[in-house]
Amino acid sequence: MEKPSNLLLKLSQRLFDNSGERERFVEALIHPQTFHPCILWCKEKPDILPFPVESPTSWQPTFVDRLSLDTKPGQHPLHEAGYFYCLDFSSVFAASTLLTISSPLPLILDICAAPGGKSIFAWRSLHPDLLIANEVIGKRLGMLISNLKRCQIHPSFVANRDASILAKTFAKTSQLVIVDAPCTGQSLLAKGGKAPGCFHPSAINQCSNRQKRIIANSAQVVAPQGYLAYMTCTYSPAENEAVCEWFLQKFPQFQPVEVPHLSAYQSHLAKIPCYRMWPQEKLGAGSFTVLFQNTEEATEKIADFRLEIADFIAI
């Protein structure tokens, strides 16, 4: 039997006071399980579904289906035709905070968009006039562009800019900014993947500092009364609740938003409304999510952001 590392055990003690819950969490990581595949319908569902579907959760949007364990949706012709996008159910959980926002929205900006799942979820649920999917890592752009084109996500543009540049170019223009922040990726272990060094304090600290920089720049893009959605696929409080606490101190005009359909998933590590899916719950590998709103009132007309996207990639 594989033994958990000391760093994993220390993290489990930080996360859970209950010894039984700690054991279940550690077990989920050292003995990965197979989670149900999940698809997001980009177009209307066909009358006869091509896959066997699991019973939906109470909060699951109607355009998302969880499938039987042995299903391989990526090999179906409807996938290549752009009818649906394959994603982890933890991603659906994280993005479901967006379901509390009224639609349509003029502009959505996804800061860390590759491979595109959160952008497609936002487009499908909120029907924006324009979606800008940004990815700062050049080698990930091809996958993002391919997925948005295949799923016919338009009108949309793909950008390759650092968050600091977007903060200046699109200051106070976007009604929704999504930050699916780069993180240590600890949840990869729960589905049999590898994330070397993901529990080491130096890796966690490095990611936390990067996340703070990204969310601080992203906050400057949010229009008055607009929203900022922050999410990760890792468990460390330093990359999740602690980032939220830092953010609210630095940007007091933002307030966390209650997400009623996720109330059962409220993080026990924070007093503010923020939500976690744990791998031992067996729905997905795990994620953290929170939605903030900019409470500022608009005081001046915002310049037309469309003039600034001439050099972006049109989808």
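What you see is a predicted model, and the numbers here were worked out from it, not measured in a lab. (Residues numbered from 1 in each chain as written. Predicted model: local features only at pLDDT ≥ 70, side-chain atom pairs only at ≥ 80, totals over all residues. Heavy atoms only, no water.)

Draft legend 1. Seen up close, the overall build of the protein chain. Counting secondary structure elements, the protein chain contains 9 helices and 12 strands. Taken over the C-alpha trace, the protein chain has a radius of gyration of 19 Å; the compact-globule value for 315 residues is 20 Å, and the two agree within 12%. By its C-alpha atoms, the protein chain is 60 × 50 × 35 Å across when sized along the principal axes. Looking at the 315 residues of the protein chain, the share that counts as buried comes to 54%. Nonlocal contacts in the protein chain, meaning residues at least 24 apart in sequence, comprise 75% of its contacts between residues at least 6 apart. Total accessible area on the protein chain is roughly 14,200 Å²; 52% of this is exposed by carbon and sulfur atoms. In the protein chain, 29 positive and 28 negative side-chain charges are present, and the distance between their average locations comes to 5 Å. (Helix = DSSP H or I, 4+ residues; strand = E, 2+ residues; numbered from the N terminus. Rg over C-alpha atoms; globule rule 2.2 N^0.38 Å. Buried < 20%, exposed > 50% of the residue type's maximum accessible area, 1.4 Å probe, protein only. Contact = heavy atoms within 4.5 Å. Areas by Shrake-Rupley, 256 points an atom, 1.4 Å probe, with all protein chains shown as cover. Lys, Arg positive; Asp, Glu negative; His and termini not counted. Charge placed at Lys NZ, Arg CZ, Asp CG, Glu CD.)

Draft legend 2. Layout of helix α8 (residues 201–219). Helix length check: α8, at 19 residues, gives a terminal C-alpha distance of 27 Å against a target of 27 Å (1.5 Å per residue), a fit within 8%. Considered for burial, the residues of α8 that qualify are Ile204, Cys207, Ser208, Gln211, Lys212, Ile214, Ile215, Ala216, Asn217, Ser218 and Ala219. Elements in contact with the buried residues of α8: α7 (163–169), β7 (174–180), β8 (222–232), α9 (241–250), β9 (254–256) and β11 (287–294). (Expected span 1.5 Å × (residues − 1).)

Draft legend 3. Region of the structure containing the packing of aromatic side chains. Enumeration according to the criterion identifies 18 aromatic pairs in this entry. Seen in terms of ring centroids, Tyr235 and Trp278 are 6.3 Å apart; in terms of plane orientation they differ by 25°. Their pairing is stacked. On the criterion of sequence distance, the pair formed by Tyr235 in the loop between β8 and α9 and Trp278 in the loop between β10 (275–277) and β11 is long-range, its members being 43 residues apart. Judged on exposure class, the residue Tyr235 and its partner Trp278 are both buried. Of note, Lys43 hangs over the ring of Tyr83, and the distance from its end group to the ring centre comes to 4.5 Å. The ring of Phe89 has Arg66 sitting right over it, with the charged end atom 5.3 Å from the ring centre. (Phe/Tyr/Trp six-rings, centres within 6.5 Å; stacked < 30°, edge-to-face > 60°. Lys NZ or Arg CZ within 6 Å of the ring centre and 35° of its normal.)

Draft legend 4. Representation of the state of the cysteines within the structure. Per the counting criterion, the structure on display carries 0 disulfides. Between Cys112, a cysteine without a disulfide, and Cys183, which holds the nearest cysteine sulfur, the sulfur-to-sulfur distance is 10 Å. Not engaged in a disulfide, the cysteine Cys151 finds its nearest cysteine sulfur in Cys42; these two sulfurs lie 3.6 Å apart. (Disulfide = S-S within 2.5 Å.)

Draft legend 5. Focus on unusual backbone geometry. For the peptide bond that leads from Ser103 to Pro104, omega is 0°, which places it in the cis range. On the secondary structure map, Pro104 appears in the loop between α4 (89–95) and β4 (107–110). One non-glycine residue, Gln152, lies in the positive phi region at around 55°. Tracing the chain through its elements places Gln152 in the loop between α6 (141–150) and β6 (156–159).

Draft legend 6. Representation of the nonpolar core in the model. If you look at the biggest cluster of nonpolar residues, it comprises 46 residues, and the most contacted ones within it are Leu98 and Leu176. When near neighbours in sequence (up to four residues on either side) are disregarded, Leu98 contacts Phe121, Ala122, Leu126, Leu176, Ile178 and Ala229. Grouped together as the second largest cluster of nonpolar side chains are 35 residues, Ile132, Val177, Ala181 and Val243 included. (Core = buried A, V, L, I, M, F, W, Y, C linked by side-chain atoms within 4.5 Å.)

Draft legend 7. Representation of the side chain of Ser96 within the structure. For Ser96, the location among the structural elements is in the loop between α4 and β4. If we ignore the near neighbours within four places in the chain, the residues touching Ser96 are Trp59, Phe121, His261 and Leu262.

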